[in-house]
Amino acid sequence: MRRENLKVVLSNQLRNINNVKAKLELAAEVLTVLGTMFDEQAVEILADEIGPTLYRWVDTVPETVNSAFLRALALSRANRRGASAAWERFFTLHAGRDAFHLLAYAQTLTEEQRFEEAARQLRLALTRHVPYAFFPRAEKVIAKVASEDFIFAREVRIAVLSTSTTSLMIPVLKALSLRDRIRAEFYQGLYGAIDQEILDPESGLGKFRPEIVFLIPNWRDLSLPALSPNEKTAITRLLEVQKALWQRLYTQFGCHVVQHAYDLPTEEPLGYLAGSLPGGRSRLIQLINTYMSEEAPSYVSLLDTPAVQRRVGERWEDSMLWCSFKQHPSTEALPDLAEAQQAHLRAVLGLTRKVLVTDLDNTLWKGIIGEDGLEGIQIGPGTAVGEGYQRLQKYLLDLKNRGILLAACSKNNPEDARLPFEKHEHMALRLDDFAAFYANWEDKAQNLRQIAQKLSLGLDSFVFLDDNPLEREWVRSQLPEVAVVDLGPSVFQWVRDLDRGYHFFSLVLSKEDLARSEQYRTESQREIIRTSSHSIEEFLSQLQLEASVVPVSESNLVRVTQLINKTNQFNLTTKRYTEAQVLQFASSLGAWTGAFQLRDRMGNYGLVGVILCKPNSDADEWGIDTWLMSCRALGRQLERFMFDRMMEAAVTRGAKEIKGVFRPTGKNGLVANLYDSLGFRKLHESVEQNIYTIEVPPSPEITATYIRNVSAATREQHS
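Criteria and thresholds
- One numbering rule holds for all chains: residues counted from 1, following each sequence as written.
- Local features in this predicted model are restricted to residues whose pLDDT is 70 or higher, and side-chain atom pairs enter the listing and the counts only when it is 80 or higher, whereas totals over whole chains, interfaces and linings include all residues.
- No hydrogens and no water enter the side-chain calculation; it runs on all heavy atoms of the structure.
- When accessible area is computed with a 1.4 Å probe and restricted to protein chains, residues below 20% of their type maximum are described as buried, those above 50% as exposed, and intermediate ones as partly exposed.
- Each helix is a run of DSSP H or I of at least 4 residues and each strand a run of E of at least 2, with the numbering of both proceeding from the N terminus.
- A 3.5 Å cut-off defines polar contacts: any pair of N or O atoms within that distance qualifies, except that in protein one atom must be a possible hydrogen donor and the other a possible acceptor, and neighbouring residues in sequence count only when both atoms are side-chain atoms.
- At least two DSSP bridges between two strands are needed for those strands to be called paired.
- Residue contacts follow a heavy-atom distance rule, with two residues in contact if any of their heavy atoms lie within 4.5 Å.
- Note on definitions: angles span 0 to 180 degrees between N-to-C directions of axes, and those axes are lines fitted to C-alpha atoms, for helices only across the stretch in contact.
- Just to be clear on terms, a salt bridge is a Lys or Arg side-chain nitrogen sitting within 4 Å of an Asp or Glu carboxyl oxygen.
- Roughly parallel covers angles under 35 degrees, roughly antiparallel covers those over 145, roughly perpendicular covers 65 to 115, and oblique covers all other angles.
- The nonpolar class holds Ala, Val, Leu, Ile, Met, Phe, Trp, Tyr, Cys and Pro. Asp, Glu, Lys and Arg form the charged class, and all remaining residues, Gly among them, are polar.
- Side-chain rings of Phe, Tyr and Trp (the six-membered ring for Trp) are treated as a pair once their centres are within 6.5 Å; stacked means planes under 30 degrees apart, edge-to-face means over 60, and tilted covers the remaining angles.
- Crossings are sorted by hand: turned counterclockwise from the far helix by less than a right angle, the near helix makes the crossing left-handed, and turned clockwise it makes it right-handed.

Colleague: With reference to specific residues and values, describe helix H3 (residues 40-50).
Modeller: For the α-helix, the turn length of 3.6 residues means that residues three or four positions removed from each other point alike. When H3 is considered as a whole, its buried residues turn out to be Ala42, Val43, Ile45, Leu46, Ala47 and Ile50. Backbone nitrogen of Gln41 and a side-chain oxygen of the N-cap are separated by 3.4 Å at the start of H3; the cap is Asp39. Of the residues trailing H3, Gly51 is marked for its positive phi of about 95°.

So this is what it looks like as structure tokens:
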């Protein structure tokens, strides 16, 4: 039997054999022909046709990648013990990690009640760009795994309101939420009843009380003719209705709204004129989307549905599905749309990635610098491949310029690795574009840990870029919290591969974002002062620190919310809020809020600290709802400066006592003893939280002795 005829033989002959022994003989011949060349389709045909006795027989044949796969399939389908071990053995023989294989492995782990490991395999599967068919198969195991008690990064209530059927969309969102470590509870609104759900306080939406709402219309809802007589009237009328719904949601729930832009009809009788003539339907829809984006308040973000539609192409719409089930977009488009929805969700919850770590050889240029030399690598004009690598570098430079930190992680001699950045004229990136540069022969997973420590950031904020699939799989296996980009075989698609993950998607761009790379470079100058100082007091004195505090307001709302949702280590309660919720808190009766900025003689740290307080049931007693600080400000006495300003405000407001809560997480052990160090008395201690109290003296002492207070004249906050 020739290998090229293998599948024909299997499909035409195996199904016609009734004798099990003859089937097994044919299966043995198939495995011999396959040898070490993995053929998933052929092995699955064997598993389908031979049936339950297969798992016993396959133990008698020589072990190859195909027989290991066949054994894993057989044991899984027969629900036999040892299925998970069989999958583990297969993965040791086969470097690839197909999403459906990982799903089958996760199912066996779930049956063994190894839920944490099952969740890990599901997350690995969902880092791939999987087709819609994956999600119905995975729905039950994902529901089971998500129901177990795991540590999630965030918890949130999400409502999905649409004029189309959403029953097939929800499982996709649930799966991606599990991948992103978001414990999400979903409310699926009544079909086509967006207005009723929002306006009726007794609706299911009103009882659910969402924190995030997806509003999902489609182009048909506008009921536009091919050519409208008055563009302005149509736009004005729609915007009035839309803004009223946004305002109602904000007033009722203080939630964030993800408003989907209108998609475009896939067929237009006017053709080109639909987008060029005043009143043309496509032109009018695009104008409506533009005006919605411009008119949206801070608690509304616009999902660029036409961009997703362009990415999906002709798979976006299925007329049969719409006419039969009011399904829009098509099921094949749902994973792409859900990824865009998930990007908004991560951005609102503060889970956007912050660091891109890249390999060098054959990733930023074609060739191996240590072997090919400066003249032998390809980068920039001269060859199409060189221009492809330069395009990738320019994309990374654009990321850096908008506040994403770049780091290099390469198996290389340090002097060789630096050479292209220092000497090659066509490099778009230079050494000072990198916040960390690691070129050595160490394990890349360990280097990533070192980079995280150097930058004082969690690995869950990292994205890893490497042309070598073995290195990618290694990092995935060792550091599952790192997002690893699957790169295709050609550099010409790598920008797309990186971009489609929405890893760095953000709803806002603060001045702190734009200054981030410069701030990390400045930190190296501070490190020189620190190492040359004989004591922490000398170090702080030389920095010449200055800090200020202002109330939380619309002017700093973006950065304050960003800090609340991204800060993990110096964060006493790790509460997370949307912009709307922060604004509501700041304007509530009796609330005191502080947004703290820090600078020294090296430069400005920016807005790096937040405190939110409000009276408890007794007006004389304040409760600290939120107290956090960026790790960039650690070791600068800023926490004491924040404490001093809070005590001063408490005296001014007539508060007699302040209560604080410490809720331990896996990441905030840094502040476990903060209240003790500031003189608070512990009232209660439990696994979930510790409660502290401190009396407010008539004249509080200044504890931040190395920071000069440059706040503007004290301004009383009024609700």
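Colleague: Account for unusual backbone geometry, naming residues and giving values.
Modeller: Residue Pro329 is reached from His328 by a cis peptide bond, and omega for that bond is -5°. By the secondary structure assignment, Pro329 is in the loop between helix H17 (319-325) and helix H18 (334-349). Phi angles above zero are rare outside glycine, and Arg209 is one such case at about 55°. Along the chain, Arg209 falls in the loop between helix H12 (204-208) and strand E3 (212-216).

Colleague: Let's hear about the sheet that holds strand E7 (residues 405-411): which residues, and what values?
Modeller: Here five strands make up an open sheet; going across it, the order is E8-E7-E6-E9-E10 and the pairing parallel. With one partner strand each, in any of the chains shown, strand E8 (434-440) and strand E10 (483-484) form the two edges of the open sheet. Bridge count for strand E6 (residues 355-358) against strand E9 (residues 462-465) is four bridges, and the pairing is parallel. The residue bridging Thr358 from the neighbouring strand is Leu465, located in E9. Where helix H20 (residues 384-401) meets the sheet, its contacts fall on E6, E7 and E9, and the angle it forms with E6 comes to roughly 150°. Across the sheet, helix H22 (residues 444-455) is in contact with E6, E7, E8 and E9; its angle to E8 comes to roughly 150°.

Colleague: Tell me about the pattern of salt bridges, and name the residues and values.
Modeller: Going through the model one piece at a time under the given rule, you end up with 34 salt bridges. Note that Glu63 and Arg89 form a salt bridge whose closest N and O atoms lie 2.7 Å from each other. Linking Glu63 in the loop between helix H4 (54-57) and helix H5 (65-77) with Arg89 in helix H6 (residues 83-93), this pair joins segments that are 26 residues apart in sequence. On the basis of relative accessible area, Glu63 is assigned to the partly exposed category, the value being 48%.

Colleague: Account for the environment of Pro420, with residues named and values stated.
Modeller: Residue position: Pro420 is located in helix H21 (residues 414-423). Exposure remark for Pro420: the relative accessible area of 0% places this residue in the buried category. With 55 residues separating them in the primary sequence, Pro420 and Trp365 have C-alpha atoms 9.1 Å apart. What Pro420 contacts, discounting residues up to four positions off in sequence, is Trp365, Ile369, Leu374, Ile377, Met427 and Arg430.

Colleague: Go over the packing of helix H2 (residues 20-34) against H3 with me, naming the residues and quoting the values.
Modeller: Axis separation between H2 and H3 bottoms out at 11 Å; the angle between their running directions is 170°. Taken together, the axis directions place H2 and H3 in an arrangement best described as roughly antiparallel. Note on element contacts: H3 touches H2 through Ala42, Val43, Leu46, Glu49 and Ile50, opposite Lys23, Leu24, Ala27, Val30, Leu31 and Leu34. For the contact of H2 with H3, the class distribution of residues is nine nonpolar, no polar and two charged.

Colleague: Can you explain the sheet that holds strand E4 (residues 256-260)? Please cite residues and give values.
Modeller: Pairing in this open sheet of five strands is parallel, and the strands run E2-E1-E3-E4-E5 from one edge to the other. The open sheet has two edge strands with one neighbour each: strand E2 (182-188) and strand E5 (300-303). On average, each strand axis in the sheet is inclined to that of its neighbour by 25°, with strand direction left out of account. As paired strands, E4 and E5 are joined by four bridges and run parallel to one another. Residue pairing in the sheet places Val258 in a bridge with Ser301 of E5.

Colleague: Please give an account of the pairing of E7 that cites residues and values.
Modeller: With six of its seven residues buried, E7 lies for the most part within the structure. Here four bridges tie E6 to E7, and the two strands are oriented parallel to one another. Within E7, the residue paired with Val355 across the bridge is Leu405. Of the pairings in the sheet, the one linking E7 to E8 comprises six bridges and is parallel in character. Each residue of the ladder has a partner; that of Ala407, found in E8, is Ala436.

Colleague: Before we move on, can you summarise the side chain of Arg128 with the specific residues and values?
Modeller: Looking at where Arg128 falls in the secondary structure, it is placed in the loop between helix H8 (115-126) and helix H9 (134-147). Polar side-chain contacts of Arg128 include one of 3.1 Å to the backbone oxygen of Leu124.

Colleague: Go over the pairing of strand E14 (residues 621-629), please, and point to the residues and values.
Modeller: Buried residues dominate E14, accounting for nine of its nine residues. The antiparallel pairing of strand E13 (residues 603-615) with E14 creates a hairpin that spans five residues between the two strands.

Colleague: Got a sec to walk through the packing of aromatic side chains? Specific residues and values, please.
Modeller: By the definition in use, this model includes 24 aromatic pairs. Here the aromatic rings of Phe421 and Phe434 are separated by 5.3 Å at their centres, their planes lie at 80°, and the arrangement is edge-to-face. With Phe421 in helix H21 and Phe434 in strand E8, this pair connects stretches of sequence that are 13 residues apart. Relative to Phe641, the ring of Phe596 has its centre 6.2 Å away and its plane inclined at 85°; by these criteria the two rings are edge-to-face. Remark: Phe641 occurs in helix H30 (residues 638-653) and Phe596 occurs in strand E12 (residues 592-600); sequence separation between them is 45 residues. When sorted by exposure, Phe596 lands in the same class as Phe641, which is buried. Joined through ring pairs, the aromatic side chains of Phe38, Phe69, Trp87, Phe90, Phe91 and Tyr105 make up one cluster.

Colleague: Report on the packing of helix H7 (residues 99-111) against H9, specifying residues and quantitative values.
Modeller: The description of two helices packed together rests on the angle between their axes and the distance between the axes. Taken N-terminus to C-terminus, the directions of H7 and H9 make an angle of 30°; their axes are 10 Å apart at the nearest point. What the angle tells us is that H7 and H9 run roughly parallel. Note that H7 runs across H9; the crossing there is left-handed. Where H7 abuts H9, its residues Ala99, Phe100, Leu103, Ala106, Gln107 and Thr110 lie against Phe134, Arg137, Ala138, Val141, Lys144 and Val145.

Purely geometric numbers; function is a separate question.
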